Amino acid sequence: MTINMHRLVEEVTTSGSAAKSAVDNSIYKYERLGFELSEKPAGKPPKLPTDGISSLEDDDVADLHSTFVRWMEYAGEQAAFQNTVSKELSVRIEDTILKLKLEYDGTVAEREAKAKTHPTVKKLRKKLLDTKATYELLSNKFDTFNYARGVCSRDVERRRKEFVANINEDSIRSMRSRKTKVMSKGPMRQRDLEVSRGRK
């Protein structure tokens, strides 16, 4: 899968630079490790039913579990990208401030104050705040999907155990029923044999 992440790192790397961004490098290494980026799942993000999942059919619970897993993987990857962009922006801000300080006159404190209030630095800081906020939202969604996945997983396991327990109970009842029938037929067969011998 090819994904365009350059919009996320706009102004992080210089325009026309041949150097790859941290996101580009992370995607490259990720794919070299044999992984593929997750496609955005179809439809809207799922939610747990307000009245619980006990009323759902078995197949519906299993499908809901799979849906939460897909959204969890997608949210996790997107959060990782946003975190990478945040770190890259932080480095870019520090580098920009250092370069600007060399262009100003005055004391160290005066030059640093001027550099930190430069329009370019302000723009990068705003983008950093936006990226961190997006990262926090995605991380929260990841935790939410993971919690919901766990709810579905536990319910599937509960149903499986109940199913196995019912099968075992039915088997025990069936065995007891057959044993009762055999015991009830045993004496009858014995009497029939005695009658048969007496006739001879």
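Rules of the game
- Residues numbered from 1 in each chain as written.
- Predicted model: local features only at pLDDT ≥ 70, side-chain atom pairs only at ≥ 80, totals over all residues.
- Heavy atoms only, no water.
- Phe/Tyr/Trp six-rings, centres within 6.5 Å; stacked < 30°, edge-to-face > 60°.
- Helix = DSSP H or I, 4+ residues; strand = E, 2+ residues; numbered from the N terminus.
- Buried < 20%, exposed > 50% of the residue type's maximum accessible area, 1.4 Å probe, protein only.
- Polar contact = N/O pair within 3.5 Å; in protein donor to acceptor, adjacent residues only side chain to side chain.
- Salt bridge = Lys/Arg side-chain N within 4 Å of Asp/Glu carboxyl O.
- Patch = residues over 30% accessible without salt bridge, like charges linked within 9 Å, V, L, I, M, F, W, Y side chains within 5 Å.
- Areas by Shrake-Rupley, 256 points an atom, 1.4 Å probe, with all protein chains shown as cover.
- Lys, Arg positive; Asp, Glu negative; His and termini not counted.
- Charge placed at Lys NZ, Arg CZ, Asp CG, Glu CD.
- Arc of directions from axis to C-beta.
- Contact = heavy atoms within 4.5 Å.

Let's shift gears to the packing of aromatic side chains. As enumerated under the stated definition, the model contains 4 aromatic pairs in all. Judged by centre distance (6.1 Å) and plane angle (50°), the rings of Trp71 and Phe145 are tilted. On the criterion of sequence distance, the pair formed by Trp71 in helix 2 (residues 58–101) and Phe145 in helix 4 (residues 119–199) is long-range, its members being 74 residues apart. In this pair, the class of Trp71 matches that of Phe145, namely buried.

Here Asp155 lies in helix 4. Classification of Asp155 as buried rests on a relative accessible area of 7%. In this structure the side chain of Asp155 is engaged in a polar contact, spanning 2.6 Å, whose partner is the side chain of Arg159.

Enumeration over the complete set of coordinates arrives at 7 salt bridges. Among the ionic pairs, Lys126 bridges to Asp130, the shortest N-O distance being 3.2 Å. With a gap of 4 residues between them, Lys126 and Asp130 both fall in helix 4, about one helical turn apart. The salt bridge involving Arg160 is made with Glu157; its shortest N-O contact spans 2.7 Å. Here Arg160 pairs with Glu157, and both are found in helix 4, just 3 residues apart, close to one helical turn. Residue classification places Glu157 among the partly exposed positions, given a relative accessible area of 32%. A single network of salt bridges, built from pairs that share partners, joins Asp58, Asp155, Arg158, Arg159 and Glu162.

A word on a negative patch on the surface. A cluster of acidic residues, Glu57, Asp59, Asp60 and Asp63, forms a negative patch at the surface. With respect to the helices and strands, the residue Asp60 is situated in helix 2. According to the relative accessible area criterion, Asp60 is partly exposed, its value standing at 39%.

Another point: helix 1 (residues 22–32). Of the positions making up helix 1, those classed as buried are Val23, Asp24 and Ile27. All buried residues of helix 1 lie within an arc of 105° about the axis, which places them on one face of the element. Summarising the geometry of helix 1, the exposed residues directed more than 90 degrees from the buried face are Lys29 and Arg32. Those residues of helix 1 that are buried lie in contact with helix 2. Positioned one or two residues after helix 1, Gly34 has a phi angle of 100°, which is positive.

The next point concerns the environment of Phe68. When you line up the elements, Phe68 lands in helix 2. You can call Phe68 buried: its relative accessible area is 1%. Taking the C-alpha atoms as reference, Phe68 lies 8.4 Å from Lys47; in sequence the two are 21 residues apart. Once you skip the residues sitting within four places of it in the chain, Phe68 turns out to touch Pro46, Lys47, Leu48, Phe145, Ala148, Arg149 and Cys152.

Fair warning: the whole summary comes from geometry, so function is off the table for now.
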